[in-house]
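Each chain is listed here by its residues.
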Amino acid sequence: MAAQPLGGQKPFHVVSPVLESLSLSKAVGTKVFMKLENVQPSGSFKIRGIGHLCQDAAKKGCRRFVCSSGGNAGLAAAYAARELALPITVVVPSSSGPTPVRKLQQLGATVEVYGKVWDDANSRAQELAKTEGWVIIPPFDHPLVWEGHASLVRELKDSLEDKPGAIVVAVGGGGLLAGVVAGLQQVGWQDVPIIAAETLGAHSFHEALKAGRLVTLPDITSVATCLGAKMVAARALECARECQVLSQVVQDAEAVRAVQQFLDENSALVSEIYPRGSPAWFNTCGLRGVLTCGGDIPHPRTPFFPPIPLFLPFPPALLLSHISTLQRCVCF
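Sequence order sets the numbering: in each chain, residues are counted from 1 along the sequence as written. Per-residue local features are limited, in this predicted model, to residues with pLDDT of at least 70; the limit for side-chain atom pairs, both in listing and counting, is 80 or more; totals at the level of whole chains, interfaces and linings are taken over all residues. Remark: hydrogens and water are excluded; side-chain values derive from all non-hydrogen atoms of the structure.

**Structural notes on the environment of valine 180**
Alright, step 1. Secondary-structure assignment places valine 180 in helix H8 (residues 175-187).
Alright, step 2. Ignoring anything within four residues of it in the chain, the contact list for valine 180 reads Val153, Ile167, Val169 and Ile194. Counting from the N terminus, the helices are DSSP H or I runs at least four residues long and the strands are E runs at least two residues long. By the convention used here, residues are in contact when the closest approach between their heavy atoms is within 4.5 Å.

Dropping the structure here:
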């Protein structure tokens, strides 16, 4: 399915391919597919929702964008701003490292490094957005962002022969989760369970589910700092009440081992937020399913990452353990 235009405008994202991963299929005893969002013009799925929001803001007279980001959201916003011939300021935390700063500048963005984690950078972006004519582009917490991300599910419906039995997403601030839920509702797949994966130390959604309310983590201690938000969007918690959402938290060490293994098997690098584990976890679901995952910019503390931002999909590690009884899985 082609992306849905906004007021006649062509969206910035492309329809990404869905390919089977032979190594993952063999590991779990069922077909596992990957939806390759690395082919997006900004390098990640983020361009779907953020591009959609930027087009809407430009149509309403925005004179400058401002965005807070750990990496990929800023790249998507900067790409959209360039396409729309509008200036943009992106505020990133120091934990993002030099690579996203360089990439953002190459796209023409003004970059400000502020604070240690994304929450700090977001506070600064909110201040800048008070300038007349400036419009804040949230990296995950906006209905138009979710609406844009919903296109992933519409594309899956066109690609798959049967309705999936499960969808797996990584959760940072909850924008991808909210978009997937919106997409499921649009195509009539509301009964498809969602497995939400986080790394320990960036697991604000998991803590919110346990508490039944939004929870603020004291700090982001996972190596996946560009994934981490101390508190998820309120919409993420609402999604867990509207659909069956299963939370899974994995260790950093598993994530890093998975990156190495994925590189060996697929000649591709993924971010450390997508670990791999034993096939035991998916056994408990007994579902036919779709794995949907996204990635973020490699963290500079992980020594074997090259200095380039990549977005390639890989199912979070312990999540593989649920797949062995599934007939069909797909990774974003």
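**Remarks on the packing of helix H2 (residues 46-59) against helix H3 (residues 72-83)**
For any two helices packed against each other, the geometry is given by the interaxial angle and the distance between the axes.
Alright, step 1. A fitted line through C-alpha atoms serves as each axis, taken over the contacting stretch for helices, and the angle formed by two N-to-C directions is quoted from 0 to 180°. Where H2 meets H3, the closest approach of the two axes is 9 Å, and the angle between their N-to-C directions is 45°. With respect to their mutual orientation, H2 and H3 come out oblique. Here the hand of the crossing between H2 and H3 comes out right-handed. Contacts between H2 and H3 involve Lys46, Ile47, Ile50, Gly51 and Cys54 from the former and Asn72, Ala73, Ala76, Ala77, Tyr79 and Ala80 from the latter. Working definition: roughly parallel below 35 degrees, roughly antiparallel above 145 degrees, roughly perpendicular at 65 to 115 degrees, and oblique for all remaining angles. Two helices cross in a left-handed way if the nearer one is turned anticlockwise from the farther one by less than a right angle. They cross in a right-handed way if the turn is clockwise.

**Examining the pattern of salt bridges**
Alright, step 1. Note on definitions: salt bridges are taken to be side-chain nitrogens of Lys or Arg within 4 Å of carboxyl oxygens of Asp or Glu. In total, this model carries 12 salt bridges according to the counting rule given.
Alright, step 2. Lysine 60 is paired through a salt bridge with aspartate 56; the nearest N and O atoms lie 3.1 Å apart.
Alright, step 3. Classification of residues uses two cut-offs on accessible area relative to the type maximum, computed with a 1.4 Å probe and protein chains only: under 20% is buried, over 50% is exposed, and between them is partly exposed. Classification of lysine 60 as exposed rests on a relative accessible area of 68%.
Alright, step 4. For aspartate 56, a relative accessible area of 15% corresponds to the buried category.
Alright, step 5. Taking the shortest distance from any N to any O, the salt bridge between glutamate 83 and arginine 82 comes out at 3.8 Å.
Alright, step 6. Three or more residues joined by partner-sharing salt bridges are found here, namely Lys35, Glu37, Arg48 and Glu155.

**Some points on the sheet that holds strand E4 (residues 88-92)**
Alright, step 1. The strand order E5-E4-E3-E6 describes an open sheet built from 4 strands, whose pairing is parallel. Two strands lie at the open edges of the sheet, namely strand E5 (110-113) and strand E6 (134-136), each paired on one side alone. Direction aside, the axes of adjacent strands within the sheet are offset by 20° on average.
Alright, step 2. Two strands form a pair only when DSSP identifies at least two bridges running between them. When E4 meets E5, the two strands line up parallel, connected through 4 bridges. Across the sheet, residue valine 92 finds its bridge partner in E5, namely valine 113.
Alright, step 3. Where helix H4 (residues 98-106) meets the sheet, its contacts fall on E4 and E5, and the angle it forms with E5 comes to roughly 160°.

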